[in-house]
Amino acid sequence: MHQRYAPIDLTRTWVTIVTEDWDVRMLTPKKGDFHSLPLTRAAQDAANRIDMAQVDASGRACEAYGAPVVMRHPGRVRIAWQDGETLRIETDAGRQMRRLHFNARAADRGEPTLQGFSAAEWQYANGFDPLHVDDTGRARGAARGGRVGAGRGVASTQPTGGRLKVVTTNLAAGFLRKNGVPYSADTTVTEYYNLLAEPAGTEWFVVTTVVHDPVNLAVDYITSTNFRKEPDDSKFTPEPCTLR
Amino acid sequence: MSARLVEHAQLSRVLLLILLALVWTTRPATAQIDFDIVGFWDQPALGTVLGPGNAAIFGFEEDSTERADGPTLVDYLGIPLNVEGRARALAYDSALLGVPEHVCMRHPSQYSYWGPARLRIAAQLDANLDAVSYTVAGTFRRADRTIWMDGRPHPSPFAPHTWAGFTTGEWRGSTLVTTTTHLKWGWIRRNGVPSSDQATVVTYYTRNENVLTITWIVYDSLYLTEPYIKSADFITAPRGVSAASFDVEPADRTNNFFGLCFPREEIARPEPHYVPHYLPGANPFMGELAMKLRIPAETTLGGAETAYPEYREKLRQGAPSARGRATITAPAVVQPRPGEPAPDTALDVLKVQGNVWMIAGADGNIAVQAGDQGVIVVDTGDGTMNDAVIAAIRRISTKPIRYIINTSASAHHVGGNAALASLPGGSTTGGQRGALVSVIAQENVYSRMSRPDANGATLFPAVAWPSDGYYAPRRGLTFNGEAIDIVHMANASTDGDSLVYFRGSNVLVTGDLFTTTNLPMVDRAQGGSYAGLLSALNALLDIAVPDDLMEGGTYIVPGHGRICDEADLVEYRDMVYEVRDRLKTMITDGAMTAAQVKAAHPVLGWDARYSRPAWTADMFVDAVYPEFASRTPARPGATRGAAR
C-alpha cells in the first residue's frame, strides 16, 4: 500500500555533497569544538571528559553513527523497499542499516539500538489521500460526482507530490560528533525527506533532521543535508565506523 | 425484536468493529498537512550558546561561526570553484567592506539565506485569493525577494540587475520552486568567494511542519565547475513577534541588520578611490586555515572534489604539498561565453528613469531623452539598424530629434549619425536652430571623424560629423527642462570621450568608458590610456549616487550591455584598479615581456566574463603594455585637443 502510493521515489543510490559544516563532517573536530550545537553545559562537560581514544579502542566507534547523525556523515546511501511497508536505508559510512516502518507497531521495537525504531509516514500534497482511492485506482465516490480529498477542486487519484516523515525513537545513546558530544537514549529524531529536481532533471533529496534530546540539548538541533542521485551504484563503498 | 435478532445485531456490530479495526491498522500512515510558507521564521537556536563570538546572537545550527562572525579568510572548502573564481577569491581583501563604495553592500540572493536572516514571508493575493506573489524579507540589509507566481516572464536581458534579482516561482507538489535571474555581482561565501551577475539561483522552499527548509542551487559557470547547493533551516517564530522586535542589532541604528546604512569610510585610505585587494600569490591568509585544521593548503582552496565523500581518503593520505602556502597555477581558461545580451535584429527599448530611455541591440547603446521640446539622442549605434532605431525613437516620442551627443568617435556609437542627423528636426539653440540636428561631441571626435585618409576619403559623411564640438572640460545644456552635463574624460578609452549626465533624470551615459560586455577598451592610437580610463571611472563614481543600500539611485547607460547602477560601476572599476596593479607589478616593476604577461593571465578572474573574440585578454595586454612598459603612464589630459 505505502510503496504503491509513494508520493516521491527515494529509491536508488545517493551521494551527499558536503558544502556545510565541512570542518566537522569531513574531519574529526578537535576536543571541545562544539560550534553550531545547542548543548547544555552538562553536555559540554561530558564531551570534554570522555576519552574517545578509549571509545575507539573498545570497539564503540559506531556510536558516532546512530540515527541522529548518520545521514550527516559524508557518504552514499542506498535506499530500497524491503517490502511494501518498509523502506530501507543503507549507508556506506559506518555500514549502517536503517529500516523505516510505515505500519509501525510498538511491539516491533525491541531493545534500543543505534538506529532505533523508525516510524514512517507519507505527507501528501494537493489533497491526495489513498483512503479515497479504490483498488482500481479510481476515486471513491467520484462516480457520484462527489469531491474527494482536501483542498480545492477534486483531488488526484495519484499522489502529485509530498514528502516522507520519519520519527525515530528507542535509541541507544551515542555521539553527535566524533569528538565526544553525547546524545541520550531519550533522544527523538524527526526527519523530513523532500525530493527536488533541478531544471535539467538532476534529482536531489534533502533530509531535514530535528534532534530532540532533553538531556543534552538546550533546544532542538536542526540540520538539512543534501543528497544527489547517483547514476549507478558503483561508488557505494562500505567503510567501517571510524572516529578518525 | 427477538433474542436471535438481537444476537445477530450484536454480532454484526462486533464484526463491523473488527473490520474497522483491520482497516485502521492497515491504513496508510498519512496526514493532510500545511505546506504554506507564509509567516515569521526565525533561526533555530536564537539566543542559545552555539560557539564563540556572535554565534549565539544569530542562532544557526550549521556553520554557526561562519554565518555569524563571518567565515575564515581563504576558506573555500566544499565550493566547486574554478580557476577564475579562485583567483578572484584570493584577490579579496576584507578591508574592501570598509570603503564607502562597498560598506553598504546587501547580501545577494546567491547567498542571503546563509547569512544572518529572520524571515517574514507574506503572500499577495488576487481576487480569487490565489497568490500573485510572495515577498521574502529579513535577510541582511534587506535584499527582499519578490517571487512572482503569475507567470510573468523574466525581464529583458538589458534590464538592471539587483541584489535580490528577479524571481518567478511555481508550486511543485509540496515545494515552492523559484528561479532568480538579473543578479548583481556578489558572493557565495562571505569571504570574497565570488558570484557573477550571470548567475542563476534556483530555490526550493519546503515547509516541514514547524521547520522551513530553504535549499538553493547556484548556477554560475563563470566561477563554478558544477552547481553549488546549500540549505538552511528556520523555525516558526514565537507568536507575537512584531516588526519592531525584528532586529538583532538594535544598538547600532546607523548600520543595523535590516536597513539603514550610510556609506562611510571605515578604514584609512591611501588615496580617495583606493580599492583594497591582494595581488596574485600575495594573500597573507593563504594557509592559515590549513594550519588550524591540519589539512593541506590546497584543500582550503576548494574545488568540486572537496565536497565529495571520497575526498576524506585524500585527506587521510595527506596531500602532495601539505601544510603551508600553495601556489596556484592558472591553466588556460576554458569557459562558456557568459550570457550577456547580444545584438539582435529586434531592438530593445527600456525606460531607464525620468525622461531617459535606452535602446539596446544596435551595437553600442543609444540613450534617448524626450520631452516637450523634442528628443536628444546620445550615440546612434553602428548604423546597421538605422530604420529600426528611428522607429524605436518614434515609439518613445514623435517629437523631432534636436540634438545628437556622441560619447566618442567609435564606429559603434556614431554609425547612425548620418541617418539621424538627416531627419527633419533641428536644434533649439545656436545659429542653425530649427534647421539641422545639432551633433555635439568633444572636438577630438570631430577630428577623428572628419580626417581624410590618403585618398582624401573620410570614414563618415560630413552630415555625420559633430557640428557643435566643444573644447572646454565640460559643456552644459538645458533641454526639456533638464540640466545636462557633457564632460570630457581626457585620454581614457580615446582622447575624445564624453560622459553625459542627465541631472533631473539622474541618468549617466558613459559610452565606452564603461561597459558590461568587454575588458577595458583602451585605444592608444586614438589617444586613450589605461590611467585615463581608471580616472574616468572614478569620475563617474563621483557623480553616481546610489539609493539606499547600494542599489538604484543614479542609473547608468553603459556603452554596451545592460542598464547599471553605481554598484555595477564599482565592480567594473575595481577590476580596472586591480588589473592595473597586476600590470604594474608584472610590467613596470617586473620587466616582463608581453608574452610573459599574457602567460601570467593578468585578468584572471574576469577573463571568462569579459573576454570576447573581438577583444581578447591578449589583445588587451597588447594595447596597454606600452603604457606600463614606459614607466611613465600617460597623464590624463596630456593630449587634450592634440588631434585638432
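Note: the structure precedes this text.
Residues numbered from 1 in each chain as written. Chains lettered and ligands numbered in written order. Predicted model: local features only at pLDDT ≥ 70, side-chain atom pairs only at ≥ 80, totals over all residues. Heavy atoms only, no water.

### Some remarks on the overall build of chain B
So the rule is basically this: A run of DSSP states H or I qualifies as a helix once it reaches four residues; a run of E qualifies as a strand once it reaches two. Both are numbered from the N-terminal end. Buried residues are those whose accessible area, probed at 1.4 Å on protein chains only, stays under 20% of the maximum for their type, while exposed residues exceed 50% and partly exposed ones sit between those limits. By the convention used here, residues are in contact when the closest approach between their heavy atoms is within 4.5 Å. In this description, accessible areas are obtained by the Shrake-Rupley approach with a 1.4 Å probe, and a residue is regarded as covered only by the protein chains that are shown.
Helix and strand counts for chain B come out as 16 helices and 25 strands. Out of the 644 residues belonging to chain B, those deemed buried represent 58%. Across chain B, the fraction of contacts at a sequence separation of at least 24, relative to all contacts at a separation of at least 6, is 65%. As presented, chain B carries roughly 24900 Å² of accessible surface, and 56% of it is formed by carbon and sulfur atoms.

### Observations concerning the interface of chain A and chain B
Short version of the rule: Each of two parts loses accessible area, computed with a 1.4 Å probe, when they are put together; buried area is these two losses added. Any carboxyl oxygen of Asp or Glu within 4 Å of a side-chain nitrogen of Lys or Arg constitutes a salt bridge here. Polar contact is the term for a pair of N or O atoms within 3.5 Å; when the atoms are in protein, one must be able to donate a hydrogen and the other to accept it, and sequence-neighboring residues count only if both atoms are side-chain atoms. Side-chain classes are defined by residue name, with Ala, Val, Leu, Ile, Met, Phe, Trp, Tyr, Cys and Pro counting as nonpolar, Asp, Glu, Lys and Arg as charged, and the others, Gly among them, as polar.
Facing 68 residues of chain A, the contacting portion of chain B comprises 64 residues. Taking both sides of the interface into account, the surface hidden between chain A and chain B amounts to around 5000 Å²; carbon and sulfur atoms contribute 52%. Seen at the junction of chain A and chain B, the total is 6 salt bridges. The partner of Glu239 of chain A in a salt bridge is Arg312 of chain B, and the shortest N-O contact between them spans 3.7 Å. At the boundary of chain A and chain B, one finds 27 residue pairs in polar contact (both at pLDDT 80 or more). In terms of residues, the side of chain A that touches chain B owes the most to one element, strand β11 (residues 221-229) of chain A, which gives 7 residues. In terms of residue class, the side of chain A that touches chain B is made up of 32 nonpolar, 20 polar and 16 charged.

### A short note on the pattern of salt bridges
Throughout the structure, instances matching the rule amount to 41 salt bridges over all chains. Arg72 of chain A is the salt-bridge partner of Glu62 of chain B, the closest N and O atoms lying 2.8 Å from each other. Taken together, the positions of Glu62 of chain B in the loop between α2 (55-58) and α3 (64-68) and Arg72 of chain A in the loop between α3 (52-57) and β2 (76-83) put the pair across two chains. We note a salt bridge from Glu170 of chain B to Arg172 of chain B, for which the minimum N-O separation is 3.1 Å. Residue Glu170 of chain B is classed as partly exposed on the basis of its relative accessible area of 41%. The class of Arg172 of chain B is partly exposed, set by a relative accessible area of 42%. Connected through salt bridges with shared partners, the residues Lys184, Asp197, Arg562, Asp565, Asp568 and Arg609 of chain B form a single ionic network.

### With respect to unusual backbone geometry
Residues and elements named next belong to chain B. Of note, the phi angle at His182 is positive, near 55°, even though the residue is not glycine. Mapped onto the fold, His182 is located in the loop between β7 (175-181) and β8 (186-189). Phi at Glu209 takes a positive value of approximately 55°, unusual for a residue other than glycine. In this fold, Glu209 is placed in the loop between β10 (200-208) and β11 (211-219).

### Remarks on the nonpolar core
So the rule is basically this: Here, the term nonpolar core denotes a set of buried Ala, Val, Leu, Ile, Met, Phe, Trp, Tyr and Cys residues that are joined through side-chain atoms within 4.5 Å.
In this structure, Trp22 of chain A together with Leu119 and Phe234 of chain B are the most contacted members of the largest nonpolar core, which totals 60 residues. With 4 residues, the top contributor of residues to this core is β11 of chain B.

### Examining the sheet that holds strand β23 (residues 507-511) of chain B
Consider a sheet: its strands pair through backbone hydrogen bonds, and that pairing is either parallel or antiparallel. All names here are of chain B. Put simply, the rule is: Here, any two strands with at least 2 DSSP bridges between them count as paired.
In spatial order, the strands read β20-β21-β22-β23-β24-β25; together these 6 strands make up an open sheet with mixed pairing. Looking at which strands have only one partner, the edges of the open sheet turn out to be β20 (474-479) and β25 (564-565). As paired elements, β20 and strand β21 (residues 482-489) share 6 bridges and run antiparallel to each other. From the neighbouring strand, Thr478 faces β21, where its bridge partner is Ala483.

### A few points about helix α8 (residues 386-396) of chain B
Along an α-helix, residues three or four positions apart point the same way, because every turn accommodates 3.6 residues. Residue and element names in this part refer to chain B. Here is the rule we go by: In this description, the arc belongs to the directions extending from the helix axis to the C-beta atoms.
Looking at α8, one finds that the buried residues are Asn386, Val389, Ile390, Ala392, Ile393 and Ile396. Projection of α8 onto a plane perpendicular to its axis shows the buried side chains occupying an angular sector of 160°, all on one side. Seen from the open side of α8, the exposed residues pointing more than 90 degrees away from its buried face are Asp387 and Arg395. On its buried face, α8 is in contact with β13 (348-353), β14 (356-360), β15 (366-371), β16 (374-378), β17 (401-405) and α10 (417-421).

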